[in-house]
Amino acid sequence: MARLTMTPEEYIQKYGPHISDSPATGWDAKPAPEKLVKTHCCFCGMQCGIKLAVAANKVVGFEPWEDFPFNEGRLCPKGVKRYMQTHHSDRLTDPLIRTGKGFRKASWDEALDLIVSKIRGIQAQSGKNAFSMMSGVSLTNEKSYLVGKFARIALNTANLDYNGRFCMVSAGAGNKKAFGIDRAANTWSDIPKAKVIWIAGSNVSECFPTLIHYIWKARDQGAKLVVIDPRMTAIARTADYHVAIRPGTDSALNQAILHELIRKEHVDRDFVEKRCGGWSELARSVETCTPEWAGEICGVNSDLIRKVAELWGNTKTSFLLHARGIEQHTKGVDNVLSNINLVLATGRIGREGCGYGTITGQGNGQGGREHGHKCDQLPGNRDIENPVHREHICKVWGITDTELPRKGKSAVELYEAMHAGEIKGMINICCNPMVSHPDTNFAREALEKLDFFCVIDFFMSETARYADVVLPGSLQEEEEGTTTSAEARVVRIRAAVTPPENAWTDTRILLELARRLGKESFFTYPDNEAIFNELRVASKGGTADYAGITWERIEKEKGVFWPCPEIGHPGTPRLFEDQKSYHPDGKFHLHPTPYRLSYETPDTEYPIYLTSGRSVFHYLSGTQTRRIKFLVDQCPGPVCEMHPALAKKLQVSAGQLVTLETRRGQLTVPIQVTEAIREDTVFVPYHWPERLAVNQLTVHALDPISKMPEFKVAACRIRPATREEATKLRSDYANLKLEAPRT
Ligand SMILES: Nc1nc2c(c(=O)[nH]1)N[C@H]1C(S)=C(S)[C@@H](COP(=O)(O)OP(=O)(O)OC[C@H]3O[C@@H](n4cnc5c(=O)[nH]c(N)nc54)[C@H](O)[C@@H]3O)O[C@H]1N2
Ligand SMILES: Nc1nc2c(c(=O)[nH]1)N[C@H]1C(S)=C(S)[C@@H](COP(=O)(O)OP(=O)(O)OC[C@H]3O[C@@H](n4cnc5c(=O)[nH]c(N)nc54)[C@H](O)[C@@H]3O)O[C@H]1N2
Ligand code: SF4
Ligand SMILES: [Mo]
């Protein structure tokens with residue numbers, strides 16, 4: 001048993017409120033912790049170090065892990081409350097099988113036998129690819145790799161995709177096009193060394209609270225800050241320049257900025273000519289993109305565009321960050337490339353204080369997008385259609401090329417195929433599409449058409465309610481493994497406790513299913529470390545090369561940055577130090593990004609822009625945070641942020657219930673009147689299910705390259721809610737056991 005760093009009395013004195021703050025329902029945790037387990041927060045891509053306090057096989061609290069180099073003990077509101085989910089009374093503890101009246105408990109044998117017979121039946125009748133799998137990147141690297149191999153070998157289906165399709169794929173595709181590698185180019189420690197910080201489409205303060213410290217450090221040293229967001233977020237309020245852009249127009253803004261950089265001779269000619277490919281075509285593409293032209297499109301003052309271009313052009317060091325605000329569009333890849341063009345045109349990359357990075361969203365959004373979770377990908381970020389890449393993986397897995405499925409359908413395309421009746425079965429692990437899928441009414445119809453649907457989760461998510469079989473899986477803190485943080489640091493996840501009662505680890509479930517599907521010989525791992533060691537071999541030679549990373553090294557070095565091709569290799573905190581990309585020609589590739597409209601823009605019928613995102617108090621589909629009383633008290637349900645001028649025009653006022661309508665559906669919410677948003681745009685956070693889901697309203701149109709859905713732009717109209725809608729809303733809150741909005 002590990003020794004405590006302080007006595008139980010000191011612990012309770014210092015952290016008492018946390019350990020006595022028991023979950024909304026269920027056990028009252030008072031025991032003094034017996035051990036502290038150094039691991040990482042299960043939520044966002046920051047992967048903050050945390051010490052979980054454990055007593056009697058229960059997580060009873062936490063302590064800050066002050067010597068973990070990224071967050072140095074700092075945590076956000078979700079991080080400090082995360083431990084309260086572990087033994088929540090809502091945990092699923094037995095397999096469940098659907099009956100005419102709901103679910104009944106079943107034995108593992110019965111549930112697994114049923115799943116296997118359904119897989120066999122569907123595949124025999126409709127072909128291998130009629131059975132599909134959806135996965136998620138709250139899963140560790142080991143589980144992500146295992147899911148990829150399980151789908152390809154045990155299910156032998158091409159149709160596997162993951163929830164990063166809603167999150168990181170536009171950034172990934174843009175990064176691969178420009179750099180030949182998909183990760184942030186620098187570690188966060190370069191941020192304080194930069195003199196201009198540029199944040200495009202990220203609500204950093206609410207979504208990556210522990211990253212803010214690095215930005216403050218840069219500010220303390222005189223850095224200027226530019227924020228591009230339709231809303232004046234907390235970070236935008238502190239910026240030197242806030243560009244309150246119209247949703248869906250970032251590529252036009254960036255084209256005009258590039259136009260200005262060229263006109264004012266701020267381009268690093270030597271860098272673009274020697275180190276980049278495609279400069280003259282790119283320069284030509286922005287010849288007519290004046291600030292006036294972009295100002296009209298983006299709904300911002302052309303002088304402001306000139307000022308930010310001047311700031312970006314004049315600095316010697318800089319760090320550009322972006323997140324889903326620019327990526328979740330039908331032109332997400334173009335938006336990403338247009339930001340990268342600004343970095344490359346000024347040659348500020350691969351050096352101290354000269355950085356670029358997309359901020360990875362989910363806990364393992366980085367590692368989980370590298371090791372074969374995606375419909376078009378094999379481990380090591382290899383391409384499933386590339387014969388050389390296929391050969392390497394076939395060798396590692398001991399199969400022939402004909403046994404390895406080819407490229408499958410991406411997440412939304414899977415749902416379209418389910419809706420069309422082509423895909424008839426699915427296993428869903430770690431994804432809650434009934435909240436997070438665009439156009440949830442369409443997603444529901446698709447789920448209802450399945451002949452068989454299985455969900456592996458530790459809570460009865462809104463999606464699990466549509467399942468035929470629900471298997472009780474495990475939380476991050478119940479298995480050994482690794483994740484890869486947003487700065488590409490591979491870190492160790494420690495098992496603090498074992499799954500409660502009759503729940504199994506996710507790994508055990510997948511291995512047992514593989515065995516029952518007759519593929520045991522491909523899945524003989526004595527422990528999770530053996531899975532990681534196979535992942536190392538599978539990734540070797542790929543761009544996401546983990547070959548030199550061991551669990552032991554990670555622990556000793558407090559994380560190792562990939563690529564790390566050999567044991568003796570130090571890892572790669574900063575990419576491109578040799579001023580070369582990972583493309584075979586070693587050049588950075590510039591791409592013109594001609595502006596095009598979003599899939600749906602406001603018109604006379606639906607005149608208002610609707611965009612969506614997050615609140616600091618909830619995580620994604622909310623399954624994990626809507627059960628924690630403190631977080632629910634802080635933020636019980638969605639609100640519609642609206643500018644006072646729009647409220648006046650619509651003759652509605654603060655707190656009033658309104659109904660938002662789009663061509664897909666409607667949503668009744670209270671209004672939050674705020675000047676911190678454009679007059680033509682409303683914003684709704686998306687963490688709630690069913691009739692509280694903003695995704696009833698969104699479009700499922702996709703970026704043609706990344707297949708990312710356009711969460712960030714839809715056209716809506718707004719009117720006061722009717723009496724029936726208000727009553728319905730109150731019953732929705734009652735069903736969710738929440739206090740209804742006071743209106
Ligand atoms: N509290 C909390 N933190 C989280 C998460 C969570 O659910 N809750 N989720 C994690 C995950 S998976 C992710 S992906 C990240 C997301 O992190 P972010 O991308 O930072 O968060 P979002 O709220 O999705 O969107 C960011 C901003 O984009 C703006 N925006 C909307 N449309 C546009 C546009 O067209 N252009 C520009 N420039 N901006 C636009 C919105 O106003 C919003 O402020 O957060 C991670 N961290
Ligand atoms: N309108 C709108 N919609 C959006 C977005 C937006 O900005 N606007 N953002 C999109 C983004 S960026 C994202 S990332 C997606 C996320 O969308 P989802 O993937 O649906 O979100 P999660 O809440 O992470 O769902 C994970 C589910 O798996 C479970 N789970 C978590 N960890 C584990 C685990 O280790 N094992 C098992 N077995 N289960 C686990 C949770 O209980 C939960 O039910 O939402 C997208 N949807
Ligand atoms: S910033 Fe992200 S990783 Fe850190 S404590 Fe908050 S949710 Fe967890
Ligand atoms: Mo995400």
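Preceding this section is the structure that the text describes.
Everything numeric in this text was worked out from a predicted model, so none of it was measured.

**Observations regarding the overall build of the protein**
And then number 1: Counting its secondary structure elements, the protein contains 25 helices and 28 strands.
And then number 2: Against the globule reference of 27 Å for 743 residues, the protein gives a C-alpha radius of gyration of 25 Å, in line with a compact fold.
And then number 3: Taken over 743 residues, the protein has a buried fraction of 65%.
And then number 4: Accessible surface, the protein: about 25,700 Å² in total, of which carbon and sulfur atoms supply 50%.
And then number 5: The averaged location of the 90 negative side-chain charges in the protein is 1 Å from the averaged location of its 94 positive side-chain charges.

**With respect to the pattern of salt bridges**
And then number 1: Under the counting rule described, the total for this entry stands at 52 salt bridges.
And then number 2: In this structure, the salt-bridge partner of R82 is E477, at a minimum N-O distance of 3.0 Å. Here R82, found in the loop between α2 (77-81) and β4 (96-99), pairs with E477, found in the loop between β18 (469-472) and β19 (481-484); they are 395 residues apart in sequence, far enough to count as distant.
And then number 3: Of the residues examined, R82 reaches a relative accessible area of 0% and is grouped as buried.
And then number 4: Taken together, the shared-partner salt bridges in this structure form one network comprising D109, D113, E512, R515 and R516.

**Section: the environment of A32**
And then number 1: If you trace the backbone, A32 turns up in the loop between α1 (8-20) and β1 (35-40).
And then number 2: A relative accessible area of 31% places A32 in the partly exposed class.
And then number 3: Taking the C-alpha atoms as reference points, A32 and E710, separated by 678 residues in sequence, lie 48 Å from one another.

**What to know about the packing of aromatic side chains**
And then number 1: Under the defined criterion, the tally for this structure stands at 20 aromatic pairs.
And then number 2: Ring geometry for F43 versus Y619: centroids 4.8 Å apart, planes at 40°, classification tilted. Of the two residues, F43 is situated in the loop between β1 and β2 (49-55) and Y619 in the loop between β23 (608-613) and α23 (629-634); the sequence distance between them amounts to 576 residues. The burial state of F43 is the same as that of Y619; both residues are buried.
And then number 3: A network of ring pairs unites the aromatic residues F179, F271, Y356, F576, Y582 and F588 as a single cluster.
And then number 4: Against the face of Y214 rests K217, its NZ or CZ located 5.4 Å from the ring centre.

**Topic: the pairing of strand β5 (residues 102-105)**
Look at any regular strand and the pattern is simple: side chains alternate between the two faces of the sheet.
And then number 1: Two elements, β4 and β5, share 4 bridges in a ladder whose sense is antiparallel. Note that in β5 the partner of T99 across the bridge is G102.
And then number 2: As consecutive antiparallel partners, β4 and β5 are separated by 2 residues.

**Side note on the sheet that holds β2**
And then number 1: Pairing is antiparallel across the open sheet formed by 3 strands, whose spatial order is β1-β2-β3. Each having just a single partner strand, β1 and β3 (58-64) make up the two edges of the open sheet. Averaged over all neighbouring strand pairs, the angle between strand axes comes to 35°, with direction disregarded.
And then number 2: For β1 and β2, the ladder comprises 6 bridges, and the chain directions are antiparallel. Directly across from L36, in β2, lies its bridge partner A53.

**Some points on the sheet that holds β19**
And then number 1: Across the sheet, 3 strands lie side by side as β19-β20-β21; this open sheet has antiparallel pairing. In this open sheet, the two strands that pair with only one neighbour each are β19 and β21 (560-561).
And then number 2: As paired strands, β19 and strand β20 (residues 489-493) are joined by 4 bridges and run antiparallel to one another. From the neighbouring strand, T484 faces β20, where its bridge partner is V490.
And then number 3: Against the sheet, helix α4 (residues 141-154) makes contact with β19 and β20, and its axis sits at roughly 95° relative to β19, the strand it touches most.

Calculation criteria
- Residues numbered from 1 in each chain as written.
- Chains lettered and ligands numbered in written order.
- Predicted model: local features only at pLDDT ≥ 70, side-chain atom pairs only at ≥ 80, totals over all residues.
- Heavy atoms only, no water.
- Helix = DSSP H or I, 4+ residues; strand = E, 2+ residues; numbered from the N terminus.
- Rg over C-alpha atoms; globule rule 2.2 N^0.38 Å.
- Buried < 20%, exposed > 50% of the residue type's maximum accessible area, 1.4 Å probe, protein only.
- Areas by Shrake-Rupley, 256 points an atom, 1.4 Å probe, with all protein chains shown as cover.
- Lys, Arg positive; Asp, Glu negative; His and termini not counted.
- Charge placed at Lys NZ, Arg CZ, Asp CG, Glu CD.
- Salt bridge = Lys/Arg side-chain N within 4 Å of Asp/Glu carboxyl O.
- Phe/Tyr/Trp six-rings, centres within 6.5 Å; stacked < 30°, edge-to-face > 60°.
- Lys NZ or Arg CZ within 6 Å of the ring centre and 35° of its normal.
- Pairing = 2+ DSSP bridges.
- Axes fitted to C-alpha atoms, helices over the stretch in contact; angles between N-to-C directions.
- Contact = heavy atoms within 4.5 Å.

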